[in-house]
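Listed here are the chains, written in short residue letters.
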Amino acid sequence: MRGFDVLILGAGIVGCACALECVRAGLRVGIVERDVPGGATTAAGMGHIVVMDDSPAQLALTRYSRSLWQELLPHLPVGVEYERRGTVWVAADDEEMGEVHAKRKTYALAGVESEVLDARALAAAEPNLRAGLAGGLLVLDDAVIYPPTAAAFFLHEAVRGGAVLLRGQGADHIGKGIVTLRDGTTYAADRIVVATGADIALLPSLPIQKRKGHLLITDRYPGFLHHQLVELGYLKSAHQISSDSVAFNIQPRLTGQLLIGSSRQYGNENPGIDQRILRSMLERARSYMPALAGISGIRAWTGFRAATPDKLPLIGPTDDPTIFLAMGFEGLGITNAPGAARLLVDGLLGRVPGIDATPFLPSRIALMETKHA
Amino acid sequence: MPERSTITIHVNGHTVVVPAGSVVSAALLAVGEPCRMSVSGEPRTAFCGMGICFECRAVIDGVAHQRTCQMLCHEGMSVETQR
Ligand SMILES: Cc1cc2nc3c(=O)[nH]c(=O)nc-3n(C[C@H](O)[C@H](O)[C@H](O)COP(=O)(O)OP(=O)(O)OC[C@H]3O[C@@H](n4cnc5c(N)ncnc54)[C@H](O)[C@@H]3O)c2cc1C
Ligand code: FES
């Protein structure tokens, strides 16, 4: 039976980032992927690298991760399409403008640069927004990437550094340092890192729910949009626990294409397009940018976010001392992959972490039985 | 009055006279202008000629991404390569 220091299950952006971090720490690493690396939620997401202030812990992790992306920048292949576009949080009315000022203060305290835009500055920054909006908050260092190529980059670097990609068979059982694949092959590992995204078949009692999202990409309209725009109401939408919601969220791609989001639905595990949701998502977008009505969309798709009850990821050890988690990233796994990988490996090696890791420890929630062989 | 036998259109700023009834993609081919440029900057022109492949998109009268194989030229039409 082949042995590894660390065996990572799942080659999404999180698993790939963990693999690279482990290799850099000098560990013998294996990565098990049953399908296409980066082909699950990582291929479905938006690739917005964004600092979020919905909780102090999320603010710390997103800020930390964004700074790690900035460190990676000189090494990223052009295919990752990293662009420092900045985010504009769009305020529709005076009440939301109040939130803009509060948000700026929160960011400033955390050392995150942002600028308040009044109505005129907003219109100048994004002429295709509808008239009559109150203003916005420009977060300068937020960026946009193409997530599947970023995952491929992490994986490629990890393999170049000696990691072994075991592709084609999913892991079926894990526990006590043994991973059994679907075809019965077993591997031994001192540590098993579960990074299977929204798929919790290996640990069915994990408190992770699938949260479906829709996106639509348009044809190329260079110059139509300059920043990633998100309505301030987005936070309300993202935090709704129960009902379906849509919010205006639009991203400029390097090709001139526009990526339009977003929706959130619980309790719908059907990957098909839900026309009703797609329509209300696009109507929402058009209500902010009327000119979108004349633009042609070329493809729509869905993806599943891995949502935890407290909206924070699960990073670190479990009851089984050989099993570690790196999952539950909801709508921020692209942003948070480098920070999560660093925190995980800091924990594995007993290094002092760059930020407080305790808010993300799986032990904060009622744990989990392993699905034993 | 007899029907006109030619139509004048404007292709990337040049005035071009085409036979009446010309399809826009055919007019572009006739004058040797690409319909659109690919992401990597290569010229593209009509391929399927029947509205399926979207290779023939161009900017028509200021409207982006129009399938020129499905359009007839009209007098004074502005046709620009889609970039
Ligand atoms: C619509 C939408 C928009 C989003 N927008 C953004 C955004 O703008 N910014 C942002 O930061 N995040 C965004 N996200 C979230 C982000 O996409 C995810 O958090 C991230 O991709 C999760 O990566 P992952 O590696 O955890 O999971 P995944 O990419 O799903 O990878 C998990 C991998 O594990 C494999 N796997 C599963 N089970 C097994 C098994 N038993 N054995 C072996 N392999 C297995 C799967 O095949 C898969 O490749 C968005 C998500 C959605 C749905
Ligand atoms: S040439 Fe194929 S759609 Fe026009």
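Residues numbered from 1 in each chain as written. Chains lettered and ligands numbered in written order. Predicted model: local features only at pLDDT ≥ 70, side-chain atom pairs only at ≥ 80, totals over all residues. Heavy atoms only, no water.

**So, the nonpolar core**
Residues and elements named next belong to chain A.
Thinking step 1. Core analysis: the biggest nonpolar cluster contains 52 residues, and I8, I13, V29, W69 and F154 have the highest contact counts within it.
Thinking step 2. The set of elements that each furnish at least two residues to this core consists of β1 (2-9), α1 (13-24), β2 (29-33), α3 (56-72), α6 (147-160), β18 (323-327) and α9 (333-349).
Thinking step 3. Top contributing element to this core by residue count: α1, with nine residues.
Thinking step 4. With residues up to four places along the chain from it excluded, the contact list for F154 reads I13, C16, A17, L20, W69 and L72.
Thinking step 5. L7, V164, L206 and I208 belong to the second largest nonpolar core, which has 27 residues in total. (Core = buried A, V, L, I, M, F, W, Y, C linked by side-chain atoms within 4.5 Å. Buried < 20%, exposed > 50% of the residue type's maximum accessible area, 1.4 Å probe, protein only. Helix = DSSP H or I, 4+ residues; strand = E, 2+ residues; numbered from the N terminus. Contact = heavy atoms within 4.5 Å.)

**Observations concerning the site of ligand 1**
Residues and elements named next belong to chain A.
Thinking step 1. Around ligand 1 sit 34 residues, and of these E33, T42, A171, G331 and T335 come closest.
Thinking step 2. With respect to ligand 1, the backbone of H48 contributes an N or O atom lying 3.0 Å from a nitrogen atom.
Thinking step 3. In the model, an oxygen atom of ligand 1 is placed 3.1 Å from a nitrogen or oxygen of the E330 main chain.
Thinking step 4. Isolated, ligand 1 exposes 1,000 Å² of accessible area, and the fraction of that covered by the protein chains is 95%.
Thinking step 5. Looking at the shell around ligand 1, the elements with two or more residues in it are α1, β2, α2 (41-44), β16 (297-307) and α9.
Thinking step 6. Looking at the shell around ligand 1, its residues break down into 14 nonpolar, 14 polar and six charged. (Near = heavy atom within 4 Å. Polar contact = N/O pair within 3.5 Å; in protein donor to acceptor, adjacent residues only side chain to side chain. Areas by Shrake-Rupley, 256 points an atom, 1.4 Å probe, with all protein chains shown as cover. Nonpolar A, V, L, I, M, F, W, Y, C, P; charged D, E, K, R; others polar.)

**Quick word on α1(A)**
Thinking step 1. Relative to the 16 Å expected for 12 residues at 1.5 Å per residue, α1(A) spans 17 Å between its end C-alpha atoms, a close match to the ideal helical length.
Thinking step 2. Within the sequence span of α1(A), burial applies to I13(A), V14(A), G15(A), C16(A), A17(A), C18(A), A19(A), L20(A), E21(A), C22(A) and V23(A). (Expected span 1.5 Å × (residues − 1).)

**Quick word on the interface of chain B and chain A**
Thinking step 1. Taken together, the contact between chain B and chain A spans nine residues of the former and six residues of the latter.
Thinking step 2. Area buried by chain B at its contact with chain A is led by V39(B), H65(B) and R83(B), which between them contribute 67% of it.
Thinking step 3. Seen at the junction of chain B and chain A, the total is one salt bridge.
Thinking step 4. Between D219(A) and R57(B) there is a salt bridge, and its shortest N-O distance comes to 2.4 Å.
Thinking step 5. Summed over the shared surface of chain B and chain A, the number is four residue pairs in polar contact (both at pLDDT 80 or more). (Buried area = accessible area lost by both parts, 1.4 Å probe. Salt bridge = Lys/Arg side-chain N within 4 Å of Asp/Glu carboxyl O.)

**Structural notes on the state of the cysteines**
Cysteine pairs can be covalently joined through their sulfur atoms, and such a bond is termed a disulfide.
Thinking step 1. All told, the structure shown has zero disulfides over all chains when counted by the stated rule.
Thinking step 2. Unpaired in terms of disulfides, C18(A) finds its nearest cysteine sulfur in C22(A), a separation of 6.4 Å. (Disulfide = S-S within 2.5 Å.)

**What to know about the sheet that holds strand β5 (residues 114-118) of chain A**
Residue and element names in this part refer to chain A.
Thinking step 1. Strand order across the open sheet formed by eight strands is β5-β6-β4-β13-β14-β15-β12-β16, with mixed pairing between neighbours. Strands at the two margins of the open sheet, each flanked by one partner only, are β5 and β16. Each strand axis lies, on average, 20 degrees off the axis of its neighbour in the sheet, ignoring direction.
Thinking step 2. Bridging between strand β13 (residues 228-231) and strand β14 (residues 245-252) involves two bridges; their strand directions are antiparallel. Counterpart to V230 in the pairing with β14 is N249. (Pairing = 2+ DSSP bridges. Axes fitted to C-alpha atoms, helices over the stretch in contact; angles between N-to-C directions.)

**Some thoughts on the domain arrangement of chain A**
Residue and element names in this part refer to chain A.
Thinking step 1. Partitioning chain A into domains gives domain 1 (2-46 + 147-207 + 310-372) and domain 2 (83-142 + 208-306).
Thinking step 2. Listed by partner, the interface residues are 17 residues for domain 1 and 24 residues for domain 2.
Thinking step 3. With both chains or domains summed, domain 1 and domain 2 bury close to 1,400 Å², and 59% of this area falls on carbon and sulfur atoms.
Thinking step 4. If you sort the residues of domain 1 by the area they bury against domain 2, M46, K311 and E330 come out on top, with a joint share of 51%.
Thinking step 5. Counting every contact that joins domain 1 to domain 2 gives two salt bridges. (Domains from an automatic or database assignment.)

**Here we look at the sheet that holds strand β6 (residues 63-67) of chain B**
Residue and element names in this part refer to chain B.
Thinking step 1. The five strands are arranged β2-β1-β7-β5-β6 in an open sheet whose pairing can be described as mixed. Strands with a single pairing partner mark the edges of an open sheet, and in this sheet they are β2 (14-19) and β6. If you compare each strand with its neighbour and ignore which way they point, the axes differ by 40 degrees on average.
Thinking step 2. Judged from the three bridges that link them, strand β5 (residues 57-60) and strand β7 (residues 78-81) form a sheet pairing that is antiparallel. In the sheet register, V59 faces β7, and the bridge partner there is E80.
Thinking step 3. Here helix α1 (residues 24-31) sits on the sheet and contacts β1 (6-11), β2, β5 and β7; the angle it forms with β1, its principal contact strand, is near 70 degrees.

**Overview of the pattern of salt bridges**
Thinking step 1. Across all of its chains, the model carries 21 salt bridges over all chains by this definition.
Thinking step 2. Salt-bridge contacts for D172(A) lead to R182(A); the nearest nitrogen and oxygen are separated by 2.7 Å. Residue D172(A) is located in strand β9 (residues 171-175), and its partner R182(A) is located in the loop between β10 (178-181) and β11 (186-194); the two are separated by 10 residues in the primary sequence.
Thinking step 3. The class of R182(A) is exposed, set by a relative accessible area of 59%.
Thinking step 4. Among the ionic pairs, E231(A) bridges to R284(A), the shortest N-O distance being 2.7 Å. Residue E231(A) is found in strand β13, and its partner R284(A) is found in helix α8 (residues 275-288); the two are separated by 53 residues along the sequence.
Thinking step 5. Residues joined by salt bridges that share partners form a network here, namely R36(B), E42(B), R44(B) and E55(B).

**Re the packing of aromatic side chains**
Residues and elements named next belong to chain A.
Thinking step 1. The final tally for this structure, using the stated rule, is four aromatic pairs over all chains.
Thinking step 2. Taking 5.6 Å as the distance between ring centres and 45 degrees as the angle between the ring planes, the aromatic pair formed by W69 and F154 counts as tilted. With W69 in helix α3 and F154 in helix α6, this residue pair connects regions lying 85 residues apart in the sequence. For the pair shown, W69 and F154 are each scored as buried.
Thinking step 3. Ring geometry for F153 against F154: centres 5.8 Å apart, planes inclined by 50 degrees, an arrangement best described as tilted.
Thinking step 4. Every member of this aromatic cluster is reached through a ring pair, and the members are W69, F153 and F154.
Thinking step 5. The side chain of R130 reaches across the aromatic face of Y288, ending 5.2 Å from its centre. (Phe/Tyr/Trp six-rings, centres within 6.5 Å; stacked < 30°, edge-to-face > 60°. Lys NZ or Arg CZ within 6 Å of the ring centre and 35° of its normal.)

**A closer look at the packing of α1(A) against α9(A)**
All names here are of chain A.
Thinking step 1. One can describe the packing of α1 onto α9 by two numbers: an axis separation of 8 Å at closest approach and a directional angle of 40 degrees. Considering the angle they form, α1 stands oblique to α9. In this structure, α1 meets α9 at a crossing whose hand is right-handed. Across the interface between the two elements, I13, V14, A17, C18, E21 and C22 of α1 pack against G333, I334, A337, A341, R342, L344, V345 and L348 of α9.
Thinking step 2. Partitioned by chemical class, the residues of the contact of α1 with α9 number 11 nonpolar, one polar and two charged. (Parallel < 35°, antiparallel > 145°, perpendicular 65-115°, else oblique. Left-handed = near helix turned anticlockwise from the far one by under 90°.)

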